[in-house]
Amino acid sequence: MPNTKTLRYQELADRLTELIRQGTYPPSGRIPSVRQMSKQQEVSISTVLQAYYLLEGHGLIEARPQSGYFVRGQVVKRLPEPEMSSPGRDPSRVSLHELVMMLMRDSRDPKLVQLGAALPNPDCLPIKKINRIIANITRHNSAALHQYQLPPGLDTLRVQIARRAVNAGCSLSPNEILVTSGGIEAIDLCLHAACRPGDIVAIESPMYFGTLQTLEVHGLRALEIPTHPRDGISLSALEFALEHNPIRAVLTISNFNNPLGSQIPDDRKKDLVEMLARRDIPLIENDVSGEIYFGEKRPMVCKAFDKKGLVMLISSFSKDIGPGLRVGWVAPGRFKAEVEWLKFTVSAASPTLPQMAVAEFIESGGYEHHLRHIRREYARNVDLLSAAVMRYFPGETRVTRPSGGFVLWVQLPENMDSLELYKLALQGGITLAPGYVFSATQQFPNFIRLNAAEFNYSTERAIEQLGDMILEMGK
Ligand SMILES: Cc1ncc(COP(=O)(O)O)c(C=O)c1O
């Protein structure tokens, strides 16, 4: 049953559609800002935003960074986006390991068209440059790289990470940063440091299955919070959850959630940090795709607003330099001593050579140059994959419009089962990630995640094949 707010934004969207059709708002012209429209129509800011999102979804208007909303010159048809997720209100244990291990095994099969794992496009990795740097290091530093780089990790790398964090609004000292073996180890260390078995962790819904696995391993309970495909976690839903549950920590992928592609707007990141600071609750912030943004400006991180050391910021170089290097990092705030001890206890140190290579790549300016290239490539491939989904999938399909990263979250018609599709797709030589693995409580049976990192002839054919399978399943 739609609530009155839903009706209000739909009414507003209908009225604006009519005004655009009549030419009151002509093609390429600006429409009133969200604030002006909210005053003019006496509706809330969020009602206007929802209406504008809907019109964008219908290809009638577009947002231009720092300029506002404009009527599209040429009306482009696009599939609508999924709506805000609506998980249940109770925390739940996680049990997904069998499904996840099945996906892991398929992701290693070179014979399959890989639309499942969120792996970067091999052509978008700086392989030659990193190999050259590694060759150089091994010629000149052969003794040093055989030594442990004990926690907190290589000094020169931590200096480079701290310098880059400035672009995300963060003033970090290298001493606040600890090198890890990828982002996944950082997530594990943070949850281990902040929580005890049985604790409740509030998470965005859907959530990257690696995080759900870590919750499962530590015996933690997931409390899934409604999350918008553009704006990320709903702060009002989180506030409600905080009032009714003894939540130990909150975990978000603030920029380009995997699988949703959502990005918490910078002003709401501040609100989120302040909301948690009032209750002294840590925020584990995963920013592994934060550098792969399609807009003009690097989005901020929540950590930029952290005054109490409660934000544990995590990132890694797996999405942009290469997952095989296993270089990640964490700025754990007030949990630093505990995280450092855990890191030393679990793996003593991360390998030295990849840390040296990454530090050198950033310092030489190669990283910045490389990022500019892959941002354009990924933005293009995401658009191409999404257009292919529109061409071949049934008309009721919905798809996200990420402003960064390289995954698409696709909502299939209501009666579709993503696991059934997964099995059919495997027989046809294609892997995808079924919606089941992104929730502890099976919120997304008719969703799939597609990796849009690479788009070529076989990707297009695979999407066509999937479209046929979905149509067949619907019969
Ligand atoms: C959101 C998110 N966090 C963490 C990871 C894992 O990162 P790493 O390979 O650096 O451990 C991934 C990989 O897919 C991811 O998508």
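Located above this text is the structure these notes cover.
The following paragraphs examine the structure supplied in this document. (Residues numbered from 1 in each chain as written. Predicted model: local features only at pLDDT ≥ 70, side-chain atom pairs only at ≥ 80, totals over all residues. Heavy atoms only, no water.)

Regarding the overall build of the chain
Rules: Where helices and strands are cited, they refer to DSSP runs of H or I of at least four residues and of E of at least two residues respectively, numbered from the N terminus. Only protein chains enter the accessibility calculation, which uses a 1.4 Å probe. A residue is then buried if its area is under 20% of the maximum for its type, exposed if over 50%, and partly exposed in between. Methods summary: accessible areas were calculated by the Shrake-Rupley approach with a probe of 1.4 Å, and residue burial reflects only the protein chains presented.
Helices and strands together make up the secondary structure of the chain, namely 15 helices and 17 strands. Judged by the C-alpha coordinates and their principal axes, the chain covers about 75 × 50 × 45 Å. Put simply, the chain has 475 residues, and 57% of those count as buried. Working note: accessible area of the chain is about 20,900 Å², and carbon and sulfur atoms make up 52% of it.

Quick look at the pattern of salt bridges
Formally: Here a salt bridge means any side-chain nitrogen of Lys or Arg lying within 4 Å of a carboxyl oxygen belonging to Asp or Glu.
Across all of its chains, the model carries 29 salt bridges by this definition. For the salt bridge of K111 with D109, the shortest nitrogen-to-oxygen distance reads 3.7 Å. When its relative accessible area of 71% is taken as the criterion, K111 is described as exposed. Connected through shared salt-bridge partners, R164, D287, E291, R298, E368, R372 and R375 make up one network.

As for the site of the ligand
For clarity, the threshold we go by: Proximity is defined per residue: any heavy atom of the residue falling within 4 Å of a molecule or strand makes that residue near it. Residues adjacent in sequence count toward polar contacts only when both atoms are side-chain atoms; beyond that, a polar contact is any pair of N or O atoms within 3.5 Å, and within protein one must be able to donate a hydrogen and the other to accept it. Under the scheme applied, nonpolar residues are Ala, Val, Leu, Ile, Met, Phe, Trp, Tyr, Cys and Pro; charged residues are Asp, Glu, Lys and Arg; polar residues are all the others, including Gly.
Near the ligand, the surroundings consist of G182, G183, I184, Y208, I253, N258, N286, V288, S316, S318, K319 and R326. Between N286 and the ligand, the recorded distance is 2.9 Å, taken from a side-chain N or O atom to a nitrogen atom. Within the contact set of the ligand, an oxygen atom lies 2.9 Å away from a side-chain nitrogen or oxygen of R326. Surface burial for the ligand is 90%, taken as the share of its 390 Å² of free accessible area covered by protein chains. The element best represented in the shell around the ligand is helix α7 (residues 182-194), accounting for three residues. For the shell around the ligand, the per-class residue count stands at four nonpolar, six polar and two charged.

Remarks on the sheet that holds strand β17 (residues 447-451)
Put simply, the test is: Pairing between strands is defined by DSSP: at least two bridges between them are needed.
Here we have four strands laid out as an open sheet, ordered β13-β14-β17-β16, and antiparallel in their pairing. Looking at which strands have only one partner, the edges of the open sheet turn out to be β13 (398-399) and β16 (433-434). Examined bridge by bridge, β16 and β17 share two bridges and lie antiparallel to one another. Paired with P434 across the bridge in β17 is I448.

What about the packing of helix α14 (residues 418-427) against helix α15 (residues 457-473)?
When two helices pack together, their arrangement is given by the angle between the helix axes and the distance between those axes. Keep this limit in mind: To define axes, lines are fitted to C-alpha atoms, for helices over the stretch in contact only, and angles between the resulting N-to-C directions are given on a 0 to 180 degree scale. Reported orientations rely on four angle classes, namely roughly parallel under 35 degrees, roughly antiparallel over 145, roughly perpendicular from 65 to 115, and oblique for the rest. By convention, the crossing between two helices is left-handed when the near helix turns anticlockwise from the far helix through less than a right angle, and right-handed when the turn is clockwise. For this analysis, residues touch if any pair of their heavy atoms sits within 4.5 Å.
Contact geometry of α14 with α15 gives a least axis separation of 10 Å together with a crossing angle of 130°. Relative to α15, α14 is oriented oblique. Note on packing geometry: the crossing formed by α14 with α15 is right-handed. Only L466, M469, I470 and M473 of α15 make contact with α14, whose side of the interface consists of E420, L421, L424 and A425. Broken down by class, the residue content of the contact of α14 with α15 amounts to seven nonpolar, no polar and one charged.

A word on the side chain of K319
Worth spelling out the cut-off: This count recognises Lys and Arg as positive and Asp and Glu as negative, with His and chain-terminal groups excluded.
Mapped onto the elements of the fold, K319 is located in the loop between β11 (311-316) and β12 (328-331). For the buried K319, no salt bridge is present, and the opposite-charge side chain at shortest range is D320, 10 Å distant. Of the polar contacts made by the side chain of K319, one reaches the backbone oxygen of A118; its length is 3.0 Å. Apart from residues lying up to four places away in sequence, K319 is in contact with A118, P120, V288, S289, I292, Y378 and F406.

Examining a nonpolar patch on the surface
To keep things clear, this is the line we draw: Note on patches: the residues involved have over 30% relative accessible area and no salt bridge, like charges join within 9 Å, and the nonpolar side chains Val, Leu, Ile, Met, Phe, Trp and Tyr join within 5 Å.
On the surface, Y148, L150 and F344 cluster together into a nonpolar patch covering about 360 Å² of accessible area. Relative to the helices and strands, L150 is located in the loop between α5 (127-140) and α6 (155-165).

Some remarks on the environment of D188
Tracing the sequence through the fold places D188 in helix α7. Taking C-alpha positions, D188 is 15 Å from V94, a pair spaced 94 residues apart along the chain. If sequence neighbours within four positions are ignored, D188 has contacts with T214 and H218.

As for the packing of aromatic side chains
Put simply, the rule is: Ring pairs are drawn from Phe, Tyr and Trp, using the six-membered ring of Trp, whenever the two centres fall within 6.5 Å, and their geometry is named by plane angle: stacked under 30 degrees, edge-to-face over 60, tilted for the rest. Two conditions define a charge located above a ring, namely a distance within 6 Å from the ring centre to NZ of Lys or CZ of Arg, and an angle within 35 degrees of the ring normal.
Counting across every chain of the model gives 10 aromatic pairs. Aromatic side chains W409 and F438 sit 5.3 Å apart centroid to centroid with 75° between the ring planes, which places their arrangement in the edge-to-face category. Within this pair, whereas W409 is found in strand β14 (residues 407-411), its partner F438 is found in the loop between β16 and β17, the two being separated by 29 residues in sequence. Of the two residues examined, W409 and F438, each falls in the buried class. Here the aromatic rings of F444 and F447 are separated by 5.2 Å at their centres, their planes lie at 80°, and the arrangement is edge-to-face. Across from the ring centre of F70, 4.0 Å away, lies the NZ or CZ of R64, which sits over that ring.

Comments concerning the nonpolar core
Applicable threshold: Residues grouped as a nonpolar core are buried Ala, Val, Leu, Ile, Met, Phe, Trp, Tyr and Cys residues, joined through side-chain atoms within 4.5 Å. Each domain's limits were defined by an automated method or a database of domain assignments.
By size, the foremost hydrophobic cluster in this structure holds 70 residues, and its most contacted members are F393, L450, I463 and L466. No other element matches the seven residues that α7 contributes to this core. Built from parts of two domains, this core gets at least three residues from each of domain 2 (95-122 + 369-473) and domain 3 (142-364). Excluding residues within four positions of it along the chain, L466 makes contact with L115, F393, L421, A425, I430, L432 and L450. Counting residues in hydrophobic clusters, the runner-up holds 38 residues, among them I133, L145, A165 and L313.

Comments concerning α15
In plain terms, the rule: Each residue after the first adds 1.5 Å to the expected span of a helix.
Here α15 spans 24 Å end to end across 17 residues, near enough to the 24 Å set by a 1.5 Å rise per residue. Among the residues making up α15, those that are buried are T459, E460, A462, I463, L466, G467, M469, I470 and M473. Summarising the contacts, the buried residues of α15 are in contact with β4 (113-114), α13 (366-392), α14, β15 (430-431) and β17.

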